[in-house]
Amino acid sequence: MPNECPSCGATLVRQKSAAATYCVNAGCPAQLVRLLEHFVSKGAMDIEGLGTKLCAQLVENGLIQDVADLYNLEGQQLSRLDRMGDKKISNLLTEIENSKDKPLSRILFGLGIRHIGSEVAEILSANFRSINNIIHASEEELIKLPSIGPKIANSLIAYVETASNLELIEKLRLSE
(Lines give C-alpha, C1' and ligand atoms only; values in the text may rest on other atoms or scores of the structure.)
Protein backbone atom coordinates (compact mmCIF):
# COMPACT_ATOMS: atom_id res chain seq x y z
CA MET A 1 0.00 0.00 0.00
CA PRO A 2 1.55 3.34 -1.02
CA ASN A 3 2.01 6.08 1.56
CA GLU A 4 2.08 8.90 -0.99
CA CYS A 5 -0.36 9.97 -3.71
CA PRO A 6 1.06 8.87 -7.07
CA SER A 7 -0.18 12.10 -8.68
CA CYS A 8 0.91 14.82 -6.25
CA GLY A 9 3.15 13.14 -3.67
CA ALA A 10 1.00 14.16 -0.67
CA THR A 11 0.79 11.78 2.27
CA LEU A 12 -2.21 9.49 1.92
CA VAL A 13 -4.67 9.31 4.79
CA ARG A 14 -6.46 6.20 5.97
CA GLN A 15 -9.22 6.66 8.45
CA LYS A 16 -9.35 4.15 11.27
CA SER A 17 -12.64 2.59 10.17
CA ALA A 18 -11.97 2.70 6.40
CA ALA A 19 -10.24 0.18 4.19
CA ALA A 20 -9.15 2.67 1.53
CA THR A 21 -6.55 5.42 1.69
CA TYR A 22 -7.19 8.88 0.26
CA CYS A 23 -5.27 11.89 -0.88
CA VAL A 24 -6.51 14.91 1.07
CA ASN A 25 -4.50 17.45 -0.93
CA ALA A 26 -7.00 19.92 -2.44
CA GLY A 27 -4.51 20.75 -5.19
CA CYS A 28 -3.93 17.19 -6.39
CA PRO A 29 -4.09 17.26 -10.21
CA ALA A 30 -5.79 13.86 -10.36
CA GLN A 31 -8.69 15.20 -8.31
CA LEU A 32 -8.76 18.86 -9.31
CA VAL A 33 -11.32 18.77 -12.14
CA ARG A 34 -13.85 16.87 -10.02
CA LEU A 35 -13.18 19.10 -7.03
CA LEU A 36 -13.64 22.17 -9.20
CA GLU A 37 -16.95 20.80 -10.49
CA HIS A 38 -18.06 20.22 -6.91
CA PHE A 39 -16.86 23.65 -5.74
CA VAL A 40 -18.88 25.47 -8.40
CA SER A 41 -22.00 23.29 -8.00
CA LYS A 42 -25.38 24.62 -6.84
CA GLY A 43 -24.94 23.27 -3.32
CA ALA A 44 -21.58 24.96 -2.91
CA MET A 45 -20.56 28.22 -4.60
CA ASP A 46 -23.32 28.03 -7.26
CA ILE A 47 -21.31 29.40 -10.18
CA GLU A 48 -23.53 29.12 -13.25
CA GLY A 49 -21.77 28.46 -16.55
CA LEU A 50 -18.89 26.39 -15.23
CA GLY A 51 -19.67 22.86 -16.37
CA THR A 52 -17.57 19.74 -16.71
CA LYS A 53 -15.96 20.67 -20.03
CA LEU A 54 -15.01 24.19 -18.99
CA CYS A 55 -13.65 22.95 -15.64
CA ALA A 56 -11.48 20.45 -17.52
CA GLN A 57 -10.28 23.15 -19.95
CA LEU A 58 -9.32 25.45 -17.09
CA VAL A 59 -7.22 22.73 -15.47
CA GLU A 60 -5.74 21.42 -18.75
CA ASN A 61 -4.69 24.92 -19.80
CA GLY A 62 -3.02 25.59 -16.45
CA LEU A 63 -5.40 28.39 -15.50
CA ILE A 64 -6.50 26.57 -12.34
CA GLN A 65 -4.14 24.86 -9.90
CA ASP A 66 -6.68 24.92 -7.07
CA VAL A 67 -10.25 26.16 -6.63
CA ALA A 68 -9.07 29.55 -5.30
CA ASP A 69 -7.57 30.29 -8.72
CA LEU A 70 -11.12 30.81 -10.00
CA TYR A 71 -11.07 34.19 -8.29
CA ASN A 72 -8.01 35.31 -10.26
CA LEU A 73 -9.33 34.46 -13.72
CA GLU A 74 -9.38 37.27 -16.24
CA GLY A 75 -11.36 37.70 -19.43
CA GLN A 76 -8.23 37.59 -21.59
CA GLN A 77 -7.33 34.14 -20.23
CA LEU A 78 -10.85 32.84 -20.77
CA SER A 79 -11.01 34.18 -24.32
CA ARG A 80 -8.34 31.65 -25.35
CA LEU A 81 -10.56 28.71 -24.39
CA ASP A 82 -12.99 26.91 -26.71
CA ARG A 83 -16.46 28.41 -27.05
CA MET A 84 -15.77 31.42 -24.85
CA GLY A 85 -17.22 34.57 -26.36
CA ASP A 86 -17.43 38.00 -24.75
CA LYS A 87 -20.95 37.51 -23.36
CA LYS A 88 -20.15 34.10 -21.85
CA ILE A 89 -16.93 35.45 -20.32
CA SER A 90 -18.73 38.45 -18.85
CA ASN A 91 -21.48 36.27 -17.37
CA LEU A 92 -18.97 33.81 -15.93
CA LEU A 93 -16.83 36.50 -14.31
CA THR A 94 -20.00 38.03 -12.80
CA GLU A 95 -21.04 34.63 -11.42
CA ILE A 96 -17.58 34.11 -9.93
CA GLU A 97 -17.65 37.56 -8.32
CA ASN A 98 -21.15 36.96 -6.91
CA SER A 99 -20.03 33.67 -5.36
CA LYS A 100 -17.80 35.61 -2.96
CA ASP A 101 -20.91 36.42 -0.93
CA LYS A 102 -21.72 32.79 -0.14
CA PRO A 103 -21.80 31.80 3.54
CA LEU A 104 -19.06 29.81 5.28
CA SER A 105 -21.12 26.62 5.17
CA ARG A 106 -21.18 26.67 1.35
CA ILE A 107 -17.41 27.20 1.20
CA LEU A 108 -16.81 24.33 3.63
CA PHE A 109 -19.03 22.04 1.59
CA GLY A 110 -17.39 23.20 -1.63
CA LEU A 111 -13.91 22.30 -0.41
CA GLY A 112 -14.84 18.65 -0.82
CA ILE A 113 -13.59 17.57 2.59
CA ARG A 114 -14.30 13.88 2.98
CA HIS A 115 -17.51 13.25 5.00
CA ILE A 116 -18.35 16.98 5.18
CA GLY A 117 -21.67 17.29 3.41
CA SER A 118 -23.93 20.31 3.37
CA GLU A 119 -25.62 19.41 6.70
CA VAL A 120 -22.32 18.97 8.55
CA ALA A 121 -20.95 22.15 6.95
CA GLU A 122 -24.00 24.03 8.30
CA ILE A 123 -23.45 22.60 11.78
CA LEU A 124 -19.75 23.51 11.76
CA SER A 125 -20.30 27.05 10.53
CA ALA A 126 -23.17 27.68 12.97
CA ASN A 127 -21.17 26.46 15.95
CA PHE A 128 -17.68 27.74 15.16
CA ARG A 129 -18.66 30.85 13.12
CA SER A 130 -15.26 31.27 11.41
CA ILE A 131 -12.85 29.22 9.40
CA ASN A 132 -10.11 29.91 11.97
CA ASN A 133 -12.22 28.42 14.76
CA ILE A 134 -12.92 25.36 12.63
CA ILE A 135 -9.25 24.92 11.75
CA HIS A 136 -8.26 25.01 15.43
CA ALA A 137 -11.08 22.83 16.75
CA SER A 138 -10.06 19.69 18.58
CA GLU A 139 -11.55 16.27 17.99
CA GLU A 140 -13.30 16.56 21.36
CA GLU A 141 -14.90 19.89 20.43
CA LEU A 142 -16.01 18.53 17.07
CA ILE A 143 -17.62 15.31 18.30
CA LYS A 144 -19.67 17.23 20.87
CA LEU A 145 -21.69 18.63 17.97
CA PRO A 146 -24.78 16.84 16.64
CA SER A 147 -24.20 14.59 13.62
CA ILE A 148 -20.42 14.71 14.02
CA GLY A 149 -18.63 11.61 15.17
CA PRO A 150 -14.99 10.54 15.21
CA LYS A 151 -14.97 9.70 11.49
CA ILE A 152 -16.07 13.19 10.44
CA ALA A 153 -13.90 14.89 13.07
CA ASN A 154 -10.79 12.96 12.00
CA SER A 155 -11.49 13.70 8.34
CA LEU A 156 -11.70 17.43 9.03
CA ILE A 157 -8.58 17.36 11.20
CA ALA A 158 -6.63 15.47 8.51
CA TYR A 159 -7.74 18.07 5.95
CA VAL A 160 -6.62 21.07 8.00
CA GLU A 161 -3.35 19.39 8.99
CA THR A 162 -2.33 19.29 5.32
CA ALA A 163 -0.24 22.36 4.50
CA SER A 164 -1.52 22.70 0.92
CA ASN A 165 -5.11 22.73 2.18
CA LEU A 166 -4.31 25.50 4.65
CA GLU A 167 -2.68 27.42 1.80
CA LEU A 168 -5.87 26.97 -0.24
CA ILE A 169 -8.00 28.29 2.61
CA GLU A 170 -5.72 31.31 2.91
CA LYS A 171 -5.93 31.96 -0.84
CA LEU A 172 -9.72 31.83 -0.63
CA ARG A 173 -9.67 34.21 2.30
CA LEU A 174 -7.54 36.68 0.33
CA SER A 175 -9.87 36.55 -2.67
CA GLU A 176 -12.88 37.71 -0.63
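Residues numbered from 1 in each chain as written. Predicted model: local features only at pLDDT ≥ 70, side-chain atom pairs only at ≥ 80, totals over all residues. Heavy atoms only, no water.

(A) Spotlight on the side chain of serine 105. Residue placement: serine 105 occurs in helix 5 (residues 104-110). For serine 105, a relative accessible area of 4% puts it in the buried group. Beyond its immediate chain neighbours, meaning those up to four positions away, serine 105 contacts Ala121, Glu122 and Ser125. (Helix = DSSP H or I, 4+ residues; strand = E, 2+ residues; numbered from the N terminus. Buried < 20%, exposed > 50% of the residue type's maximum accessible area, 1.4 Å probe, protein only. Contact = heavy atoms within 4.5 Å.)

(B) Quick peek at the nonpolar core. Counting residues in hydrophobic clusters, the biggest one holds 52 residues, and the most contacted among them are Leu58, Leu70 and Leu124. Secondary structure elements with two or more residues in this core: helix 1 (29-39), helix 2 (52-60), helix 4 (86-98), helix 5, helix 6 (118-128), helix 7 (131-135), helix 9 (150-160) and helix 10 (163-174). A total of six residues in this core trace back to one element, the largest contributor, which is helix 9. Setting aside residues no more than four positions away along its own chain, leucine 70 makes contact with Leu36, Phe39, Val40, Ile47, Leu50, Leu58, Ile64 and Ile96. (Core = buried A, V, L, I, M, F, W, Y, C linked by side-chain atoms within 4.5 Å.)

(C) Broad picture of helix 1. Those residues of helix 1 not exposed but buried are Leu32, Leu35, Leu36, Glu37 and Phe39. Of the surrounding elements, those touching the buried residues of helix 1 are helix 2, helix 5 and helix 10.

(D) Examining the environment of alanine 30 more closely. Inspection of the secondary structure assignment puts alanine 30 in helix 1. Among the residues examined, alanine 30 registers a relative accessible area of 59% and is labelled exposed. Put simply, alanine 30 and cysteine 8 are 22 residues apart on the chain and 7.9 Å apart in space, counted from C-alpha to C-alpha.

(E) Geometry of the side chain of glutamine 57. For glutamine 57, the location among the structural elements is in helix 2. Taking the relative accessible area as the measure of exposure, glutamine 57 reaches 15% and is therefore buried. With near-sequence residues (within four places) excluded, glutamine 57 lies in contact with Leu81 and Asp82.

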